[in-house]
Amino acid sequence: SSSSGSSSGSGSDSDSDSDSNSESSSDSDTYSSGSNSGSEGEADADVKREHKMLRWLITPEAKAKRDAKGKLDKDKIAEDKKEGKKPRPSKAGKSTGREVESSGRDKEPDEYDAEELVKKVTEIAQSRGRRGFDRKTYVEKMMTMMLHAEKQGPRHVLYIYASMVSADFDNTGSVHNAMNMILWNAALDKVNNMLPLLIASYKDLKDKGMTFKQIEALDDDENSDPTNHKRQQDLFIAVAEKLDDELYKALQFISDVYGTEYQEILANSSKFLVLLKRMFHFFEDTQQEQALGAVSLRLMEQMYYKPDILNKAVYESIHHTAPEAEKPSWVWPENSIGFMATLCKYVHATGNVHSQRRALLCQVFHLALHDHFQKARDLLHLTNLEEKSRESDINMQILYNRCLAQMGLCAFRLGKVQDAHNCLMDVCMHGKNRELLAQGLSFSRFQDRTPEQERAERLRQLPYHMHINLEVLDSAHHLCAMLLEVPNLALQAIDPTSKRGIISKVLRRALDHHDKQVFVGPPENNKEAVVSAAKALQKGDWTSACEAVDDLKLWDHIDVGNPSNGQKVKEMIKEKMKTEALRTYLFAYMSIYDAFHLGQLVSMFDLPEKQVHSVVSKMMMKEEITAFWDESSKYLLMQHVEPTPLQRLALSLADRAAQSVENNERLVDHKMGGYGFQEQKGGGKGGRWEGGDRGKGRFGKGGAGLPTAFDGGKGKGKGRFGKSARPAQNRGWENARAGAISGRAQAGWGDRRQN
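Some remarks on the overall build of the protein
Per the secondary structure count, the protein includes 33 helices and five strands. Going through the 755 residues of the protein one by one, you find that 40% of them count as buried. Accessible surface computed for the protein: about 43,600 Å², of which carbon and sulfur atoms make up 51%.

Some details on helix H14 (residues 308-321)
The end-to-end C-alpha distance of H14, which contains 14 residues, comes to 21 Å, matching closely the 20 Å that a straight helix rising 1.5 Å per residue would cover. Asn311, Val314, Tyr315 and Ile318 are the residues of H14 that are buried. Considered in projection along H14, the buried side chains sweep an arc of 95° and stay on one side of the axis. In H14, the exposed positions that point more than 90 degrees away from the buried face belong to Ile309 and His320. Looking at the buried side of H14, the elements it contacts are helix H12 (260-286), helix H13 (289-303) and helix H15 (336-348).

Brief notes about the sheet that holds strand E2 (residues 627-629)
What the three strands build is an open sheet, ordered E1-E3-E2; its pairing is antiparallel. For this open sheet the edge positions go to strand E1 (595-597) and E2, each flanked by a neighbour on one side alone. Geometrically, the sheet is characterised by an average inter-axis angle of 20° between neighbouring strands, direction not taken into account. Sheet contacts for helix H29 (residues 598-605): E1 and E2; angle to E1, the most-contacted strand, approximately 65°.

Considerations on the side chain of Arg357
Relative to the elements of secondary structure, Arg357 occurs in helix H16 (residues 353-369). Among buried charged residues, Arg357 stands out as having no salt bridge; its nearest opposite-charge side chain is Glu391, 4.5 Å away. At 3.4 Å, the side chain of Arg357 forms a polar contact with the backbone oxygen of Lys388. Excluding anything up to four places from it in sequence, Arg357 contacts Leu385, Lys388, Glu391, Ser392 and Met396.

Some remarks on the pattern of salt bridges
Scanning the entire structure with this criterion turns up 26 salt bridges. With a shortest N-O distance of 2.6 Å, Arg358 and Glu301 are connected by a salt bridge. With Arg358 in helix H16 and Glu301 in helix H13, the pair connects residues that are 57 residues apart, well separated along the chain.

Here's the deal with the pairing of strand E3 (residues 635-638)
Side chains of E3 alternate between two faces, with Leu636 and Met638 buried and Tyr635 and Leu637 left unburied. Pairing geometry for E1 and E3, over three bridges, is antiparallel. The partner of His597 across the bridge, within E3, is Tyr635. As paired strands, E2 and E3 are joined by three bridges and run antiparallel to one another. Counted as the bridge partner of Trp629 is Leu636 from E3.

Overview of the nonpolar core
Counting 174 residues, the largest nonpolar core has Phe412, Leu473 and Met482 as its most contacted members. Among residues more than four places away in sequence, those in contact with Leu473 are Ala405, Leu409, Leu424, Val427, Cys428, Leu437 and Ile468.

Concerning the side chain of Lys327
Within the fold, Lys327 resides in the loop between H14 and H15. Side chain to side chain, Lys327 and Glu324 meet in a polar contact 3.3 Å long. In this structure, Lys327 is in contact with His319, His320 and Ala322, ignoring residues within four places of it in sequence.

Here we look at the confidence of the model for the protein
Summing up the model confidence of the protein, the mean pLDDT is 77 and the portion of residues at 70 or higher is 73%. Overall, residues 1-38 carries pLDDT values under 50, and its contacts beyond four positions in sequence, including any with other chains, amount to 18 contacts. Low pLDDT (under 50) marks residues 89-109, which in the prediction has six contacts with non-local residues, meaning those over four places away or in another chain.

Structural notes on the packing of H16 against helix H17 (residues 373-382)
Here H16 crosses H17 at 160°, and the two axes come no closer than 8 Å. As judged from the angle between their axes, H16 and H17 are roughly antiparallel. Read as a crossing pair, H16 and H17 show a hand that is left-handed. Residues Leu360, Leu361, Gln363, Val364, Leu367 and Ala368 of H16 touch H17, and the partners they reach there are Lys375, Ala376, Leu379 and Leu380. Classifying every residue of the contact of H16 with H17 gives eight nonpolar, one polar and one charged.

Brief notes about unusual backbone geometry
Here Asp371, not a glycine, exhibits a phi torsion of approximately 65°, which is positive. The topology assignment puts Asp371 in the loop between H16 and H17. Residue classification places Asp371 among the partly exposed positions, given a relative accessible area of 30%. The phi torsion at Asp606 lies on the positive side, around 55°, for a residue other than glycine. Within the secondary structure, Asp606 is located in the loop between H29 and helix H30 (609-621).

Some remarks on the state of the cysteines
Taken as a whole, this structure holds zero disulfides when the rule is applied. Cys362 provides the cysteine sulfur closest to Cys403, a residue in no disulfide bond, and the two sulfurs are 7.3 Å apart. In this structure Cys403 comes out as buried when scored by relative accessible area, which is 0%.

So, the packing of helix H19 (residues 394-413) against helix H20 (residues 417-428)
Between H19 and H20, whose axes approach to 8 Å, the crossing angle comes to 150°. It follows that H19 is roughly antiparallel to H20 by the angle criterion. By crossing handedness, the relation of H19 to H20 is classed as left-handed. Side by side, H19 and H20 meet where Asn401, Leu404, Ala405, Met407, Gly408, Leu409, Ala411 and Phe412 of the first sit next to Asp419, Ala420, Cys423, Leu424, Asp426 and Val427 of the second. Tallied by class, the residues present in the contact of H19 with H20 amount to 10 nonpolar, two polar and two charged.

Quick notes on the environment of Ala250
Checked against the element boundaries, Ala250 lands in helix H11 (residues 229-253). Between the C-alpha atoms of Ala250 and Pro463, which are 213 residues apart in sequence, the distance is 8.9 Å. Excluding anything up to four places from it in sequence, Ala250 contacts Ala178, Met181 and Ile265.

Describing the environment of Ala125
Tracing the sequence through the fold places Ala125 in helix H6 (residues 114-125). Through-space distance from the C-alpha of Ala125 to that of Met164 is 8.5 Å; in sequence the pair is 39 residues apart. Not counting the four nearest positions on each side in its chain, Ala125 is found in contact with Tyr138 and Met142.

With respect to H17
For an α-helix the count is 3.6 residues per turn, leaving residues at separations of three or four pointing the same way. Residues of H17 that are buried: Phe373, Ala376, Leu379 and Leu380. The arc enclosing the buried residues of H17, seen along the axis, measures out at 135°, which places them on a common side. Turned more than 90 degrees off the buried face of H17, the exposed positions are Lys375, His381 and Leu382. Taken together, the buried residues of H17 touch H16, helix H18 (385-391), H19 and H20. Taken from the residues just after H17, Asn384 is the one with a positive phi, measuring 55°.

Basis of the calculations
Along each chain, residue indices are assigned from 1 in the same order as the chain's sequence is written. Only residues with pLDDT of at least 70 get local features here, since the model is predicted, and only at 80 or more are side-chain atom pairs given and counted; chain-wide, interface and lining totals rely on the full set of residues. Heavy atoms from the whole structure form the basis of all side-chain values; hydrogens and water molecules are not counted. The numbering of helices and of strands both runs from the N terminus, where a helix is a DSSP run of H or I of at least 4 residues and a strand a run of E of at least 2. Buried means the residue's accessible area, taken with a 1.4 Å probe over protein chains only, is under 20% of the maximum for its type, while exposed means over 50%, and partly exposed covers the values in between. Note on areas: these come from Shrake-Rupley sampling with a 1.4 Å probe, and a residue is covered only by the protein chains present in the view. Each helix should span, by expectation, one fewer than its residue count multiplied by 1.5 Å. The arc in question is the one traced by the directions running from the helix axis out to the C-beta atoms. Throughout, a residue-residue contact means that at least one pair of heavy atoms, one from each residue, lies within 4.5 Å. When DSSP finds two or more bridges between a pair of strands, those strands are recorded as paired. To define axes, lines are fitted to C-alpha atoms, for helices over the stretch in contact only, and angles between the resulting N-to-C directions are given on a 0 to 180 degree scale. By the counting rule applied here, Lys and Arg register as positive and Asp and Glu as negative, while His and the ends of each chain are not counted. Salt bridges are identified by distance alone: a Lys or Arg side-chain nitrogen within 4 Å of an Asp or Glu carboxyl oxygen. For the purposes of these results, a polar contact is taken to be a pair of N or O atoms within 3.5 Å, where, inside protein, one atom must be able to donate a hydrogen and its partner to accept one; residues adjacent in sequence count only when each atom of the pair is a side-chain atom. In this description, a nonpolar core means a group of buried Ala, Val, Leu, Ile, Met, Phe, Trp, Tyr and Cys residues linked to one another through side-chain atoms lying within 4.5 Å. pLDDT expresses how confident the predictor is about each individual residue, on a scale running from 0 to 100. If an angle is under 35 degrees, it is roughly parallel; if it is over 145, roughly antiparallel; if it lies from 65 to 115, roughly perpendicular; otherwise it is oblique. Whether a crossing is left-handed or right-handed is set by the direction in which the near helix is turned from the far one by less than a right angle, anticlockwise for left-handed and clockwise for right-handed. Under the convention adopted here, Pro, Cys and the residues Ala, Val, Leu, Ile, Met, Phe, Trp and Tyr are nonpolar, Asp, Glu, Lys and Arg are charged, and Gly plus all remaining residues are polar. Two cysteine sulfur atoms form a disulfide, by the criterion used here, when they sit within 2.5 Å.

Have a look at this one:
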């Protein structure tokens, strides 16, 4: 029986494997040799080989089964086509093992319930971040799940949309790289589709009888359903804020701010504004404080730096493309101050301190932008925002500096010169306004920055369309300093003990530099034009001063919302210059005249008679001048106090005594090594007595700047002790007529006349 089985097996092997004659012959040889051996081990091997070869045989029974199965598959496919279902791929038509396994794991669309759908979407979402991740394939898989999610309800669709938007943000790059605008617009479309679903989800919960507190408590359990409404709403707000941040970053890092690319990116802000306004209306209708506060702050940051005319134009452009139901909400309110106050109130309801401070600063900026200086100043002082801003992060400090700058420009437009100077001085005094306002990188020869510091500074920079014109800022600061400092200089010339001191160090340094120049040409920039006007104003020549500032670019850009107001501000500043020229003239020449005629002052300074009378009366009330009006109020009579001969001798004795005390102090300091001589022993420069090196000191040529009698050198100082270093002091005769103390008449005193 074994031999017959072997012969039949070899015959079947030769029939089935006709293409490989060598293998069949080798198998038959081996089989025949195995049959001849008769051992048990070889018999087992022969049985296995026989079963292996029988697999290639197609028996009539197997063929009949295969034909019947193929007919059943064809009938099922035909039935599926009639019912409109997609045919399931058969295993017989597949060639790879992976496709067979995947087809075995796939389920029918109707088989997904809520739990299985979430599990499947989570499984797909976990492929993000892995090697070989394809975003296009990921989106296609999510879209196939969308059909099943629509049957489960809006929250499951929201969950899938959130997973898709998260994948869009995966390709945003690093902190220093902006998101691609194509991906940004795709994400914005998805977020716009999420908002109606969020509204529908909220209505479903309300229809079920749930209160707002119950809806808020849905996310209390950490192991709760990821598709619950509260979690999806928080994720939706976070995604909207991320869109805003990425758009801001794209505007930050673009290099060509005048090109079309910047304009195209900036146009996307209107699209995002539409989303914010829809979110605002939904959260306002549902009275959700936390969400409403977050959206209100984003709305304020979108609109606080724009004048009403620009916001109105943006609203009108959106109004034309908005649906009919939304058109009433796209009308810019007449009272924008009230609208910003409402948004600020919503932000305060959240209880977030950082958001509250930022909202207040945005409101202050908006008030100052629209010439409400008093309200802006009161809001800034009552809330103590100055100290709070210093304690906050750098971005908060930058916003506070922007508020100060805008308040200064607001006060300048309203003619409040002192208030304008106080605000602008903090920003412009040290020449770091570009850095303080985050409108450019700071460059210093004496300070090296690390790459990390430079990158952090770049992240703080504002987009170009939010900048405040620095040229306008500097011009307004210099003009305010000129109107305040020029009369103050004239006052200090006749009264060194004036308590006002230095008002503007910036202008004083500029005037000193101007005086040191050998040749003075025409002004080449705004600062030089203001300095030239200040020099003319010191002489009382208001006409030349007005001509010097007539061509400044300041007048065209001082009022962004209404450029025509620039000429009104220009005329107002000219009137201020006439008034200050009058005050400067009185300070400079009142010691020469016994009286001034009111009519002559009116004609000299081209001011109304009432205004001249008011200005002079205020100067008398403030005790800046000692004068009085006559009975007719047409003549200003000056009062000159003459010292008696005894008083002259007392003043002379006081000066000589003070000089003697100072010389004795120098002698003691030289012997004991005190005061400035301690520093000079170590080779220090100057110190109290200046001129630490030998050579020309303040006492002439000699040793260490000492008087010749103390040093023993061959100095050429004037007199025994050289010039006294003690400054001239006023002994209480501030209003004494010039030359009365020294007994010499001042130049031009003999020609005094009465006007």
